[in-house]
Amino acid sequence: MTKDLLVELGLEELPAYVVTPSEKQLGQKMATFLTDNRLSFESIQTFSTPRRLAVRVKGLADKQTDLTEDFKGPSKKIALDAEGNFSKAAQGFVRGKGLTVDDIEFREIKGEEYVYVTKHETGKDAVEVLAGVPEVLASLTFPVNMHWAGNTFEYIRPVHTLTVLLDDQALDMDFLDIHSGCVSRGHRFLGQETEIASANSYEDDLRQQFVIADAAEREAMIVDQIKAIEAERNVQVEIDADLLNEVLNLVEYPTAFVGSFDTKYLDVPEEVLVTSMKNHQRYFVVRDLNGKLLPNFISVRNGNAEHIENVIKGNEKVLVARLEDGEFFWNEDQKLVIADLVEKLKHVTFHEKIGSLHEHMDRTKVIADYLADQAELSADEKAAVLRAAAIYKFDLLTGMVGEFDELQGLMGEKYALLAGEDAAVATAIREHYMPTSADGALPETKVGAVLALADKLDTLLSFFSVSLIPSGSNDPYALRRATQGIVRILDAFGWEIPLDELIASLYGLSFDSLTYAHQDEVMTFISARIEKMMDAAIAKDIREAVLASDTFVVRLVLEASAAIAQKSKTDGYKEAVESLSRAFNLAEKADASVAVDSSLFENAQETALSQAVASLELTDDMVANLDKLFALSPVINDFFDNTMVMAEDEKIKNNRLALLASLVAKAKKVAVFNLLNTK
């Protein structure tokens, strides 16, 4: 016989960004708890609102499954003493299993007898097992915790109620000084405390108290209400997925409504209006059917439609205050002079250990100059990137960016155009922040891409140079994101600039403001970012072998890893890799000063391998390169089968090692093959 289990934890309002992950986490941990405790179930459904996390287990077994386990102990000669009595080792073994020596039997394995015991455990009733539910709740992890009142324990928010029902039976348990029952809280303003009649009446019972517990149902209500407004007003609404999820987790009973603002604010740049509405007020943006921004917004009330007019007026009033700020800063910032703002950046700290923003820009300009040549920019493009590098942080001192920091770069582009700067310069100012996330959009122009690279490279090298190096998950200066941006931009624009050579060149630069340091750590850090770009299905040994190669062009590294991963699924892979690995292992003993001398060859196999290596030409086609290297496998094997590499004659030995080293020097363009695992 099965029953349904409901567990609801009632809390103070959770931060919106925590709700959905916590709901999923609760479901996963409950499933693990039940599985580990041998309580079978049919399915698990999770619920969440800003003031509760809940899970319902359907078809929960009424008791654990019985358990029978065999345990292997010490060998018979250890388990018995000289008199044939059970030794302390045997006694300790069975005691640890909750059994006695009477339960011991001996079984033979490969000619030797060992102690075995069989433990039978009768399944407990579900109610007894479910006493561990508070442990599941306690195991939830959150970005931040707090403690309240005089308590020493911490949790994401204060806990008010704990509801645990097995069908309609309320189970007794305690969690953080809260005793369980069948009472849950309704909507903060529209509802009241209510009894949940049974696990299956949960949603209906809460709906009577103006709470929609099912997040999916609540989301559908919001979307349907917005769609209805679209149809009624003949407009289109941007339903941004992230904004929708945030709004969803701010309300328990959603009611969408339309507000408006004065058309005069449409003269302010659209980005300012959209940022004010979406980022600051969590409003959905309204456009006409041609995509033109309208003086309207859609918000979602946490409640019903009663007195909605007052709610609309209040939201309009709050938004207008924001728009007034935007209009003011837009007008005032146009009076500023870019050159004056750039000069003031000398007094703005980039980081106290690194220096000012102006010094950061100076270093970025030098790097951009170098990169422009490496990327083969035209004269006009190079001039644009150098001009952009000289001013690109100026908008940080504008009033608009001071108020709306999300608009840095965007406002820089607009103000630069108003000041008469070239369009390529203005675009680069906006694009230098890109990508703004690990998988975010990349710059579209070469000028913007070079400036983004230069800015990120100086940021990376500067922070490493003053020992502000990320460790573990700690990365307060977002250096992983910046470095991921570097490798993604190089790959996307097809700039086959070897990163090891690039970094070495940058370390050769001289600045008055800072001396770059920790080059090896920087290279290791960059390698980790390139590895992250590789297909997750590629085995770790392949990733490591490719990253240890002599090739540090992002595209080629990625292609090499994919090519080897594909080859690893084919016949002949093991033999080819092992022959190349043998060459790599021996080549490590070679004397770099020794050149191959064909007059010292003693057999045809040495000559054949030498000729094969001499004719081996590897290109930037990693698939073809791998085919060529694998095709050498029979020649390499013949060489090893007929040649004693470590000959007694020192000259012969060194010559053979030099021959293998010449092969390895070419093969390392693809990978370090002795790092590949063929077992």
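Rules behind the numbers
Residues numbered from 1 in each chain as written. Predicted model: local features only at pLDDT ≥ 70, side-chain atom pairs only at ≥ 80, totals over all residues. Heavy atoms only, no water. Helix = DSSP H or I, 4+ residues; strand = E, 2+ residues; numbered from the N terminus. Rg over C-alpha atoms; globule rule 2.2 N^0.38 Å. Buried < 20%, exposed > 50% of the residue type's maximum accessible area, 1.4 Å probe, protein only. Contact = heavy atoms within 4.5 Å. Areas by Shrake-Rupley, 256 points an atom, 1.4 Å probe, with all protein chains shown as cover. Lys, Arg positive; Asp, Glu negative; His and termini not counted. Charge placed at Lys NZ, Arg CZ, Asp CG, Glu CD. Phe/Tyr/Trp six-rings, centres within 6.5 Å; stacked < 30°, edge-to-face > 60°. Lys NZ or Arg CZ within 6 Å of the ring centre and 35° of its normal. Core = buried A, V, L, I, M, F, W, Y, C linked by side-chain atoms within 4.5 Å. Pairing = 2+ DSSP bridges. Axes fitted to C-alpha atoms, helices over the stretch in contact; angles between N-to-C directions. UniProt positions renumbered as here; feature names shortened; annotations may be inferred. Salt bridge = Lys/Arg side-chain N within 4 Å of Asp/Glu carboxyl O.

I'm lost on the overall build of the chain in this one. Help?
Helix and strand counts for the chain come out as 27 helices and 18 strands. A compact globule built from 679 residues should have a C-alpha radius of gyration of about 26 Å, whereas the chain, at 34 Å, is more than 25% larger. Seen along its three principal axes, the alpha-carbon backbone of the chain occupies a region of about 100 × 95 × 45 Å. Here the chain holds 679 residues, and 49% of them are scored as buried. Taking the intrachain contacts of the chain between residues at least 6 apart in sequence as the baseline, contacts between residues at least 24 apart amount to 68%. Only carbon and sulfur atoms are counted for the fraction: they give 47% of the accessible area of the chain, which is about 32,000 Å². Across the chain, the centroid of the 69 positively charged side chains sits 2 Å from that of the 111 negatively charged ones.

Any chance you could explain the packing of aromatic side chains here in plain terms?
Each aromatic ring pair is specified by the distance between its two centres and by the angle formed by the two planes. Under the criterion given, the structure shown has 19 aromatic pairs. Taken together, a centroid distance of 4.5 Å and an interplanar angle of 25° make the contact between Phe463 and Tyr477 stacked. Within this pair, whereas Phe463 is found in helix α17 (residues 446-465), its partner Tyr477 is found in the loop between α17 and α18 (479-492), the two being separated by 14 residues in sequence. An aromatic cluster is defined as three or more aromatic residues linked by ring pairs; in this entry it consists of Tyr573, Phe584, Phe630 and Phe673. The cationic tip of Lys72 hangs over the ring face of Tyr114; the distance from NZ or CZ to the ring centre is 4.2 Å.

Help me out: how do you make sense of the nonpolar core in this one?
One broad rule of soluble globular proteins: the nonpolar side chains tend to lie buried together. By size, the foremost hydrophobic cluster in this structure holds 135 residues, and its most contacted members are Trp495, Leu499, Ile526, Ile530, Val670 and Phe673. Counting residues per element, this core draws most heavily on α17, which supplies 12 residues. Once you skip the residues sitting within four places of it in the chain, Val670 turns out to touch Val546, Ser549, Ala560, Ile564, Leu618, Met622, Asn625, Leu626 and Leu629. By size, the runner-up hydrophobic cluster in this structure holds 36 residues, among which are Val19, Leu39, Val55 and Trp148.

How should the sheet that holds strand β5 (residues 105-109) be read in this particular structure?
Within a sheet, adjacent strands bond to each other through the backbone by hydrogen bonds, running parallel or antiparallel. Across the sheet, which stays open at both edges, the three strands sit in the order β4-β6-β5 with antiparallel pairing between neighbours. Each of the sheet's edge strands pairs with one partner strand only, and the pair in question is β4 (67-75) and β5. For this sheet, the mean inter-axis angle between neighbouring strands, taken without regard to orientation, is 40°. In this sheet, strand β6 (residues 112-121) lies alongside β4 in antiparallel orientation, the contact comprising seven bridges. Directly across from Phe71, in β6, lies its bridge partner Val117. Its contacts with the sheet put helix α3 (residues 88-96) on β4 and β6, and the angle it makes with β4 is roughly 165°.

Got a minute to help me understand the environment of Glu121 in this structure?
Here Glu121 is to be found in strand β6. We classify Glu121 as partly exposed; its relative accessible area is 28%. When the C-alpha atoms of Glu121 and Thr65 are compared, they prove to be 9.0 Å apart, with 56 residues separating the residues in sequence. Not counting residues up to four positions away in its chain, the partners in contact with Glu121 are Arg38, Asp66 and Leu67.

How should I be thinking about the pairing of strand β15 (residues 284-287) in this particular structure?
Both faces of the sheet carry side chains from a regular strand, because those side chains alternate between them. The two faces of β15 match: Phe284 and Val286 on one face and Val285 and Arg287 on the other face are all buried. Taken together, the two bridges between strand β13 (residues 236-237) and β15 define a ladder with antiparallel strand orientation. Across the sheet, Val237 pairs through a bridge with Val286, a residue of β15. The pairing of β15 with strand β16 (residues 293-302) spans three bridges and is classified as antiparallel. By the bridge assignment, Arg287 is partnered in β16 with Leu293. Taking the residues between adjacent antiparallel strands as the criterion, β15 and β16 are bridged by five residues, where Gly291 takes a positive phi near 90°.

Would you mind showing me how to read unusual backbone geometry here?
For residues other than glycine, phi is negative in most cases, and the peptide bonds are mostly trans. Put simply, Met434 and Pro435 share a cis peptide bond, and its omega is -5°. Despite not being glycine, Asp167 has its phi angle at roughly 60°, a positive value. Within the element layout of this structure, Asp167 appears in the loop between β7 (159-166) and β8 (169-170). Even without glycine at this site, Leu176 takes up a positive phi of about 50°.

When you look at the UniProt feature "domain: DALR anticodon binding" (unreviewed entry) in the chain in this model, what are you seeing that I'm missing?
The UniProt feature table records "domain: DALR anticodon binding" (unreviewed entry) at residues 580-662. Measuring from the first to the last C-alpha atom of residues 580-662 gives 12 Å, for a span that is 64% helix and 0% strand.

Whenever I open this one, the pattern of salt bridges confuses me. Can you help?
Counted according to the given criterion, the structure contains 41 salt bridges. Between Glu252 and Arg52 there is a salt bridge, and its shortest N-O distance comes to 3.0 Å. Within this pair, whereas Glu252 is found in the loop between α8 (241-248) and β14 (254-260), its partner Arg52 is found in strand β3 (residues 52-61), the two being separated by 200 residues in sequence. With a relative accessible area of 2%, Glu252 lands in the buried category.

Would you mind going over the side chain of Arg51 with me for this structure?
Structurally, Arg51 is set in the loop between β2 (43-49) and β3. With residues up to four places along the chain from it excluded, the contact list for Arg51 reads Leu9, Gly10, Leu11, Glu12, Glu13, Arg185, Gly186, His187, Arg188 and Glu252.

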